[in-house]
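# Understanding the architecture of this molecule
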Amino acid sequence: MKSITKAIMLALAGAVFAAPVAAQIKVGELNSYKNFPAFLEPYKKGWELALEEANAAGGVLGQKIEVVSRDDGGNPGDAVRVAEELLTREKVSLLMGTFPSHVGLAVSNLANQRKVLFVAAEPLTDKIVWDNGNKYTFRLRASTYMQTAMLIDGAVKSGKKRWAIVYPNYEYGQAATAAFKKLLAARVPGVEFVVEQAPPLGKIEAGAVADAIAQAKPDAIFSSLFGPDLAKFVREGNTRGLFKGMTVLNLLAGEPEYLDPLKDETPEGWIVTGYPWAEIQTAEHKAFLAAYQKKYNDYPRLGSIVGYATVQTVVAALKKAGSTDTEKLVAAMKGLEHMTPFGKITYRAIDHQSTMGAYVGKLALKDGKGVMVDWTFADGKDYLPPDSEVMKLRPKE
Amino acid sequence: MTLADITIQLLNGLAGASSLFLVAAGLSLIFGVTRIVNFAHGSLFMLGVYIAYSLTDQFGRGSPLAFWSCVLAAGVAVGVIGFVVEILLLRRIYQAPELFQLLATFGLVLVIKDVVLKLWGPEDLLGPRAPGLRGAVQVMGKSFPEYDLVLIAVGPIMLGLIWLVLNRTRWGVLVRAATQDRDMVGALGVNQAWLFTGVFALGSFLAGLGGALQVPREPAQLFLDITVISDAFVVVVVGGLGSIPGAFLAALLIGVIKAFCIGIGDVQAFGTTFSFSKFTLVVEFVVMAIVLVIRPWGLLGKPAGEPRHTAATEAPLKPLPGWLVLGFAGLGAALLVLPVFTQSYLLILLIDVFVFALFAASLHFLMGPAGMVSFGHAAYLGIGAYAAALMVLRAGIPMEATLALGPLAAALGALLFGWFVVRLSGVYLAMLTLAFAQIVWSIAFQWDGFTGGSNGLIGIWPPAWAAEKEAFYHLSLVLCAAGLLALRHIIFAPFGAILRAGRDSPLRADAIGIDLRRHQWFAFTLVGAFAGLAGVLHVFSKGSISPETLGIARSVDGLVMVLLGGVQTLTGPVVGAGVFIFLQDEIARRVEFWRAILGLVIIVLVLAFPQGIVGFLRGRFMRAAA
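These figures come from a predicted structure and were not determined experimentally.

A few words now on the overall build of chain A. Along the backbone of chain A there are 13 helices and 14 strands. Relative to its length of 397 residues, chain A is compact, with a C-alpha radius of gyration of 22 Å against a globular reference of 21 Å. Each of the three principal axes of chain A carries a C-alpha extent, and together these read 65 × 60 × 40 Å. When burial is assessed residue by residue, chain A has 60% of its 397 residues classed as buried. Excluding contacts between residues fewer than 6 apart, the proportion of contacts in chain A whose partners are at least 24 apart in sequence is 69%.

Dropping the structure here:
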């Protein structure tokens, strides 16, 4: 027991006396690594690769960059404490990261209070740049609204009028559903939404949900399920013949994180957003892919792209600002342009949303694995509402 | 819904109930005999899924015989794990105060989760379909999976087998006897140690088997433990503790109700739409609340006999010796002047410690002196926090006023729920608090327009005078210390004495004319207010609030803090809160697999200090002082 007491004492002493060592530019990173490891382990590999490349190229402003990474516990209360730790003890110049929407919003709110730049990497919620947008928060990934908008063309082309909707019952699923109904109704007169199923996240009773959808006799389905819910829904739907002759749209289902577990169960013909990593032939992606596979001997997931691009954003912002001063960084972030493996992105001055796009295509089976076919790249800038609408959504600074 | 729709949803419900029944039966057996509230039961289920995934993926694709052998082998493997866990860990702490074993199983949950992550990786793993049962059969013109039909049969078959074991073997007779009166079984010369080991292994086997059966239906993934454990507890309690047929009935009932909620979908009535599909978020807890209010012992449970204490009864309270009073006063003074010396993160961390010390102390007041264990205490933390947040954001009420109004709101919530809660006792009481907490949670989660839904509310910061860290630190310190002292004072006051009398002997308390239920109701309301105060401070220190503050995980954190510090001490919860928060903060920063390390540290602490940390210290030093 003595050794444990000693260890605890040492840890406490460490908490009290740890002093920051500043010879580098410190960037604070926090994410729910233990809650969403399937997405975030590749994400971490992604940003580590980008960091290594940036420092190998001499860093920025003549200094190396150090990323201080923390697990945020997956809930807002702990995340805020972790962010405060990064700010007060580690004295980081800016924050980046977060995955679930409520954690992203809480950290964004803290960033606004403490007046520090926050680059939200992954949270999909529209609110982080619109309803609850603030001066210090910028978001990288294509939002729920944008990804839904990317699928609308497919929905319109299908010519289907009777839609069933299934979504995980929390903000992401609710927002996707609301955006889908609004956008589709605007383009297809007489469209009907015949049934809505909102299973709790991670707890779908897939058989019952599949039957309840069939019962309403729709001719198309819009789904925003992902992860275990998606896998269960696909298997039950396949067994019960739900998807025969049905047009199905599913947000995110083409992302390797969610597609790969489906293996031979992959439902062919579904229209999805995702990341067909093996087939993208742009120079910037090929370079990224080669470097990633060389370093990790593994293929990238979408999380890898998000992590990689987040550090690219930070590096570009520091370069443009020429300083680690928050106000200068915020000014630099507005309209910031840089390359990513998905091509050039711009952080819009109007709402701090990046124009990073996503790939839209159809699911198919190849050698017992799911792949995306007939895909195209949807540039994020084409899937945002008009500026006048955005201005109305976002509070004045 | 047509008749065919109704039939198919009925079948869906029955299929979903089978594996839940197995898990719940195991949990019920373990609790009945050993009185262990096994939080790790969901983790054992998860292990069953993962092991069965690996086995069937490798060997179980060919023939039905191979597949079912793999499923059975996975169950046995989990049974062996349970066997080992009981011998190495639980057997050492049966003499600890009641519920203490819960802390050990909580440590196990953390360890198992990280071990699974390490061994199987982060991706979801969808297993193969069962050979020979890949397709669907036509039921009234609709396709229904063959495998689900088999599952429907598995439930009653396993019920029958368990019944045979319990009723037709000597071992089963002993298990039933121990469920009813384990002291008597011990007195009659039965080796309790092996009986407990056997029951724990059997319960683990059932959990593992329940998990293995799910492989063709759902992917192996890391949230299964949490998802399953609360459902399993609900089923056990709704069915009646220790009643296997009750668990079967409850599993069927909940499975079928869920399937029908999904089948019914949206219903228009009185100009609004009620979504039964969204109602599945909380339906099992609503069912549990209703059942417990109407039948306090569950559907098929019986009132338990008056339990004899296996652990030593709690010693009467004594005021602290003078040197300790001086010590605490000195500590308080040191904390007051601390900001002069450091502006660092330590202050931020200490605010969390203060808030959770108050929260844990309020829970301890219920668990210790009042003798009512709450599994849903975070509800009152959350109500206080949400009330304050809503008042600030929606009504512009200043923080100073919310410091009084937030606790008031929490107390009102506790007053309402407490009326039902104090009518029960023991684990039934604990589970009813959990049910109410989940209902409050689901309201916060679902009412987007008012509570912000799953995102919660943001932008709740203290006014200018308290916005600086130092000022807010002092505010939290003063209010939490005042709260702690008030709770302590109440415990020593006549009111506290009445509660302790009621805890130690309800019969005698009744005989001298104490209306115990009314006092317990008042105590429940009172601690609600203290938890609410902690909640208000919490929300202003974070600037935001989300439904997790009301969630099961927060309630469990509170239990862990109280037990870690020592439930039979008054300073225990404060020490427990401090140790838990510092440990979590330090370990999470230093190591990748922090959950496993935290779990191991908790297990080591459990083995080293079966009376809790403060209980241990008191045992060492007070005896020396006396």
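Let us keep going from here.
Before going further, it helps to spend a moment on the sheet that holds strand 4 (residues 118-120) of chain A. Residues and elements named next belong to chain A. If you walk across this open sheet you meet the five strands as 2-1-3-4-5, and the pairing is parallel. Among the strands making up the open sheet, the edge pair consists of strand 2 (65-71) and strand 5 (137-139). Across the sheet, the mean angle from the axis of one strand to that of its neighbour is 25°, orientation sign disregarded. Of the pairings in the sheet, the one linking strand 4 to strand 5 comprises three bridges and is parallel in character. Counted as the bridge partner of Ala120 is Arg139 from strand 5. Lying over the sheet, helix 4 (residues 101-114) contacts strand 3 (94-97), strand 4 and strand 5, oriented at roughly 165° with respect to strand 4.

All names here are of chain A. When cut into domains, chain A gives domain 1 (17-142 + 282-357) and domain 2 (145-277 + 358-387). The C-alpha-based centres of domain 1 and domain 2 are spaced at 29 Å. Tallying the contact residues gives 20 residues for domain 1 and 19 residues for domain 2. Every element with two or more residues in the side of domain 1 that touches domain 2 is listed here: helix 2 (37-56) and helix 11 (302-321). Among the elements that take part in the side of domain 1 that touches domain 2, helix 11 stands out by supplying three residues, more than any other. Residue classes in the side of domain 1 that touches domain 2 are distributed as 11 nonpolar, seven polar and two charged.

Chain-level pLDDT for chain A is 92 on average; 94% of the residues reach the 70-or-more range. Contacts for the low-pLDDT stretch residues 12-22 of chain A, under 50 throughout, to residues beyond four places or in other chains number 11 contacts.

Residue and element names in this part refer to chain B. Looking at chain B, the domain boundaries give domain 1 (3-294) and domain 2 (345-552). Placing a centre on the C-alpha atoms of domain 1 and another on those of domain 2 gives a separation of 32 Å. Opposite the 15 residues of domain 1 that make contact, domain 2 presents 15 residues. Mapped by element, the contributors of at least two residues to the side of domain 1 that touches domain 2 are helix 8 (224-239) and helix 11 (283-294).

This part covers the interface of chain A and chain B. Each side of the interface is counted separately: chain A has 61 residues, and chain B has 63 residues. At the level of elements, helix 1 (2-17), helix 2, strand 2, helix 3 (76-88), helix 4, strand 7 (192-197), helix 7 (206-215) and helix 8 (227-239) of chain A are the ones that each hand at least two residues to the side of chain A that touches chain B. When the residues that make up the side of chain A that touches chain B are grouped by side-chain class, the tally is 25 nonpolar, 17 polar and 19 charged.

Take the environment of Tyr50(B) next. Residue and element names in this part refer to chain B. Along the chain, the position of Tyr50 falls in helix 2 (residues 41-59). Measuring from C-alpha to C-alpha, the distance between Tyr50 and Arg517 comes to 46 Å, with 467 residues separating the pair along the chain. The contact partners of Tyr50, leaving out residues within four places of it in the chain, are Val116, Trp120 and Ala220.

All names here are of chain B. It is the contact of helix 1 (residues 3-34) with helix 5 (residues 146-168), at a shortest axis distance of 8 Å, that shows an interaxial angle of 35°. Classified by chirality, the crossing of helix 5 by helix 1 is left-handed. In this structure, helix 1 contributes Leu11, Leu14, Ala15, Ala17, Ser18, Phe21, Leu22 and Ala25 to the contact, and helix 5 contributes Asp148, Leu151, Ile152, Val154, Gly155, Met158 and Ile162. When the residues that make up the contact of helix 1 with helix 5 are grouped by side-chain class, the tally is 12 nonpolar, two polar and one charged.

Calculation criteria
Residues numbered from 1 in each chain as written. Chains lettered and ligands numbered in written order. Predicted model: local features only at pLDDT ≥ 70, side-chain atom pairs only at ≥ 80, totals over all residues. Helix = DSSP H or I, 4+ residues; strand = E, 2+ residues; numbered from the N terminus. Rg over C-alpha atoms; globule rule 2.2 N^0.38 Å. Buried ≥ 20, exposed ≤ 12 C-beta atoms within 10 Å, placed from the backbone. Contact = placed C-beta atoms within 7 Å. Pairing = 2+ DSSP bridges. Axes fitted to C-alpha atoms, helices over the stretch in contact; angles between N-to-C directions. Domains from an automatic or database assignment. Nonpolar A, V, L, I, M, F, W, Y, C, P; charged D, E, K, R; others polar. pLDDT = per-residue confidence, 0-100. Left-handed = near helix turned anticlockwise from the far one by under 90°.

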